[in-house]
Amino acid sequence: MSRGMKGCYVWCVDEETNAWLREAAGQSFLGVGEGVQAGAEAEEELPFRVLEAEEAAGSDRAVPLYEMAVAAGVFSGEQVVEEPTWVELPEAFRGGEGLFVARVVGESMNRRVPSGSWCLFRARPAGTRAGKVVLVQVGGITDPEWGGRYTLKVYGSEVVRGRDGEERKRVVLRPDSTEGRFGAIALEGDGDEDFQVLAEWVAVIG
């Protein structure tokens, strides 16, 4: 059982099933016909220049890149967020406090964020969240080995009335997709153990 704790690799010979697995799991699997052998990790060249720590410290376009696949669908599986890689943003962007890069996988936000896109995020967004595209984590991280669960959606809220007549507010995370198979995710809870808005989506940059 311990083999599955660090992750598993799946090699699929059927192209259609392989595409389904990519979307369902919300993270990269080995592709068909990509020149990789079963059991070997698929390497992909980043669309950014990777910076050494000293070089990043002197650059106004340097931001950390976190190698976690944000699931733009249902919440992604438990993931371990590793130490970030420092990369250089495109010339049109500048770095800043709280900015970071992560990849989004899935079709439920494809009107704004195509699946597989590298996106720029701003951590701990200030002000109202209503109508913003946000990165949400569900479930508190108690052990860094297990990580958390993440999703990207449009943030909203609504008031609901319970059977006892008491009104309460719940958070509703809505998709923005060309495909009609995705539904909203309703979250009812108050604290960090239920959910946390980690960051606001800024732009697709790669």
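Summary of the structure given here.

## What about the overall build of the chain?
Now for step 1: The secondary structure content of the chain amounts to two helices and ten strands.
Now for step 2: Starting at the N terminus, the α and β elements of the chain follow one another as α-β-α-β-β-β-β-β-β-β-β-β.
Now for step 3: Within the chain, the proportion of its 206 residues that are buried is 36%.
Now for step 4: Taking as baseline every contact in the chain between residues at least 6 positions apart, the subset at least 24 positions apart corresponds to 59%.

## Thoughts on the environment of K153
Now for step 1: Here K153 lies in strand β7 (residues 149-161).
Now for step 2: Residue class for K153 comes out buried when judged on its relative accessible area of 2%.
Now for step 3: Separated by 32 residues in the primary sequence, K153 and I185 place their C-alpha atoms 8.9 Å from one another.

## Here we look at the environment of P114
Now for step 1: Inspection of the secondary structure puts P114 in the loop between β4 (99-105) and β5 (117-123).
Now for step 2: By relative accessible area, which is 42% here, P114 ends up partly exposed.
Now for step 3: On a C-alpha basis, the gap between P114 and V204 in space is 8.5 Å, while along the polypeptide they are 90 residues apart.
Now for step 4: When neighbours within four sequence positions are excluded, P114 is seen to be in contact with V104 and V204.

## What to know about the pairing of strand β8 (residues 167-174)
Now for step 1: The sheet contact formed by β7 and β8 spans eight bridges and is antiparallel. Within β8, the position partnered with E158 by the bridge is R170.
Now for step 2: As judged from the three bridges shared by β8 and strand β9 (residues 185-187), these two strands associate in the antiparallel manner. Paired with L173 across the strands is I185, a residue of β9.

## What to know about the pairing of strand β6 (residues 133-138)
Now for step 1: Most of β6 sits inside the fold, with five of its six residues counted as buried.
Now for step 2: Strand direction decides the pairing type here: β6 and β7, joined by six bridges, are antiparallel. Residue pairing across strands places V138 opposite R149, the latter belonging to β7.

## Brief notes about the pattern of salt bridges
Now for step 1: The tally for this structure, following the rule as stated, stands at ten salt bridges.
Now for step 2: A salt bridge links E88 to R61, with the nearest nitrogen and oxygen atoms 3.7 Å apart. Here the residue E88 occupies a position in strand β3 (residues 85-88), and R61 occupies one in the loop between α2 (53-57) and β2 (62-71), the gap between them amounting to 27 residues. For the pair E88 and R61, one class covers both residues: buried.
Now for step 3: Across the pair D176 and R112 runs a salt bridge whose closest N-O atoms are separated by 2.6 Å. Separated by 64 residues along the polypeptide, D176 in the loop between β8 and β9 and R112 in the loop between β4 and β5 bring together distant segments of the chain.
Now for step 4: Residue class for D176 comes out buried when judged on its relative accessible area of 16%.

## Notes on the nonpolar core
Now for step 1: Residues F100, V104, V113, F121, L135, L152 and W201 are the most contacted members of the largest nonpolar core, which totals 17 residues.
Now for step 2: Among the secondary structure elements, those contributing two or more residues to this core are β4, β5, β6, β7 and β10 (195-204).
Now for step 3: When near neighbours in sequence (up to four residues on either side) are disregarded, F100 contacts V63, P64, Y66, M68, C119, L120, F121, A123, L135 and A199.
Now for step 4: Judged by nonpolar contacts, the second largest core, of eleven residues, contains V63, L89, A203 and I205.

Calculation notes
- Residues numbered from 1 in each chain as written.
- Predicted model: local features only at pLDDT ≥ 70, side-chain atom pairs only at ≥ 80, totals over all residues.
- Heavy atoms only, no water.
- Helix = DSSP H or I, 4+ residues; strand = E, 2+ residues; numbered from the N terminus.
- Buried < 20%, exposed > 50% of the residue type's maximum accessible area, 1.4 Å probe, protein only.
- Contact = heavy atoms within 4.5 Å.
- Pairing = 2+ DSSP bridges.
- Salt bridge = Lys/Arg side-chain N within 4 Å of Asp/Glu carboxyl O.
- Core = buried A, V, L, I, M, F, W, Y, C linked by side-chain atoms within 4.5 Å.

Take it as geometry only, folks, not as evidence of what the structure does.
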